[in-house]
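Summary of structural features
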Amino acid sequence: MDQLLSSPAIIQGLRKVEARIRRLSGSSTLPGINAGAERIVAAGGKRLRPALTLATSIALGKAPDRRVITAAACVELIHAGSLVHDDLMDRATERRGTRTLNAELGDGRALVIGDFMLARAGLAAITAVSRPVAEVLAATVVELAEGQFLETTDLFDPDRTQESALRSITGKTAALFRAGCLVAAVCAHASPEDRARMAAYGEKFGLIFQILDDLLDLTATSEQLGKPAGNDLRQGVYSLPLLMAGADVRELLGKPEMVDEVLRRLRAGRMADDTIEYCRGLASDAVAALPVIHDQEMASLLYGLPTAYIDRVAHLVRRPASPRRSSAALRWPPAPSARP
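Residues numbered from 1 in each chain as written. Predicted model: local features only at pLDDT ≥ 70, side-chain atom pairs only at ≥ 80, totals over all residues. Heavy atoms only, no water.

Scanning the chain for helices and strands turns up 16 helices and two strands. Its C-alpha radius of gyration of 20 Å places the chain within 12% of the 20 Å reference for a compact globule of 340 residues. Overall, the C-alpha framework of the chain stretches about 55 × 55 × 30 Å when taken along its three principal axes. For the chain, with 340 residues in total, the buried portion stands at 54%. Considering only contacts within the chain whose residues lie at least 6 apart along the sequence, 75% involve residues at least 24 apart. (Helix = DSSP H or I, 4+ residues; strand = E, 2+ residues; numbered from the N terminus. Rg over C-alpha atoms; globule rule 2.2 N^0.38 Å. Buried < 20%, exposed > 50% of the residue type's maximum accessible area, 1.4 Å probe, protein only. Contact = heavy atoms within 4.5 Å.)

The full count for this structure, using the stated rule, is 20 salt bridges. Residues Asp2 and Arg312 are paired through a salt bridge, measuring 3.1 Å at the closest nitrogen-oxygen approach. Of this pair, Asp2 sits in helix H1 (residues 2–5) while Arg312 is found in helix H16 (residues 296–316), placing the two residues 310 residues apart along the sequence. With its nearest N and O atoms 2.9 Å apart, the salt bridge here joins Glu104 to Arg99. Residue class for Glu104 comes out partly exposed when judged on its relative accessible area of 43%. Three or more residues joined by partner-sharing salt bridges are found here, namely Glu18, Arg22, Glu38, Arg47 and Glu76. (Salt bridge = Lys/Arg side-chain N within 4 Å of Asp/Glu carboxyl O.)

Before going further, it helps to spend a moment on the packing of aromatic side chains. Counted under the stated rule, the structure contains five aromatic pairs. Aromatic side chains Phe156 and Tyr238 sit 6.5 Å apart centroid to centroid with 85° between the ring planes, which places their arrangement in the edge-to-face category. In this pair, Phe156 is assigned in the loop between helix H8 (131–153) and helix H9 (162–187) and Tyr238 in the loop between helix H12 (231–234) and helix H13 (240–245), connecting sequence segments 82 residues apart. The interplanar angle of 75° and the centroid separation of 5.6 Å between the aromatic rings of Phe177 and Phe205 together place this pair among those described as edge-to-face. A residue pair is termed long-range when its members are at least 10 positions apart, and Phe177 in helix H9 and Phe205 in helix H10 (residues 192–219) qualify at 28 residues. As far as the burial class goes, Phe177 and Phe205 line up, both buried. Connected via pairs of aromatic rings, a cluster forms that spans Phe177, Phe205, Phe209 and Tyr309. Here Arg49 stacks its cationic end above the ring of Phe209, 5.3 Å away from the centre of that ring. (Phe/Tyr/Trp six-rings, centres within 6.5 Å; stacked < 30°, edge-to-face > 60°. Lys NZ or Arg CZ within 6 Å of the ring centre and 35° of its normal.)

Before going further, it helps to spend a moment on the side chain of Arg120. By the secondary structure assignment, Arg120 is in helix H7 (residues 107–128). If sequence neighbours within four positions are ignored, Arg120 has contacts with Leu24, Ser27 and Leu77.

Time to look at the packing of helix H2 (residues 8–25) against helix H5 (residues 66–90). Running from amino to carboxyl end, H2 crosses H5 at an angle of 60°, the nearest separation of the two axes being 8 Å. Between H2 and H5, the interaxial angle falls into the category oblique. For the crossing formed where H2 meets H5, the hand is right-handed. Between H2, through Gly13, Lys16, Val17, Arg20, Ile21, Leu24 and Ser25, and H5, the contact on the second element is made entirely by Ile69, Thr70, Ala72, Ala73, Glu76 and Leu77. (Axes fitted to C-alpha atoms, helices over the stretch in contact; angles between N-to-C directions. Parallel < 35°, antiparallel > 145°, perpendicular 65-115°, else oblique. Left-handed = near helix turned anticlockwise from the far one by under 90°.)

Applying the stated rule across the entire model yields zero disulfides. Distance from the sulfur of Cys279, which forms no disulfide, to the nearest cysteine sulfur (Cys181) is 17 Å. Looking at Cys279, the relative accessible area reads 0%, which means it is buried. (Disulfide = S-S within 2.5 Å.)

Dropping the structure here:
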């Protein structure tokens, strides 16, 4: 991930994306909405989703122009707006070490600011990019809502299935990563096959991203996370890593007084190893989905990103990389222009 975000071409593109995000988030006629939206977009974040949009565009032979920059900004604006809604639903008071918008302004104002950001992204997509891109992003917002709703129906359910958890995170997280890659492919006028391949890559990486985020929620400290550790567990969100632990903790779920014991058991068991191994399988699938990429720098970055991200989290949870899958094997295809 660090390599992607430190690429000169990506850095240059992200500067333009950042400027576009600020213009869009500050475009309301109401200063209060602009101030609230500015707080969200200025709060930090890796800008990984727009970086993937830029990388996809370059990989498919199109230098990021105004349309690609705007599309990337729309993807990030949707992400930012969805975070406002997430914080509202979770009644969160802190994110990335700062007070959430709902804690600062109240639920009502936070809600409409989140709505504004989603709507502003859609308006920019239809007026400044293209109808097909706007359709992709609108469909993605539908998936975000459906994924989040599905999660709420499974709250505090000790019988939640891994399939249900996967369906939820595909909608609420992976769909936007998929969209970031797909809108770039649309702007690059890529073939239907290459669009589908890039969309599949984005979705698989998005699953990895969310699963590892859920793993960190169960294994990292509050200081590392910038929010309370084990928060999902306390909120009744039984994530895929927890469900993979199975019988080790199932009888303790739904008992607030046992949260610390659940975390202790999870950290002492094989949950982290099993989750990381599962993500390595997803990384293989992501790499296999990539189309032919002739730009060697972007090929290296896209082929290496899933495993590099997994290795980074594996280090954080102090688990060694699996010897059964070499991370080096996923960093570059057998030949620069060949599919793995």
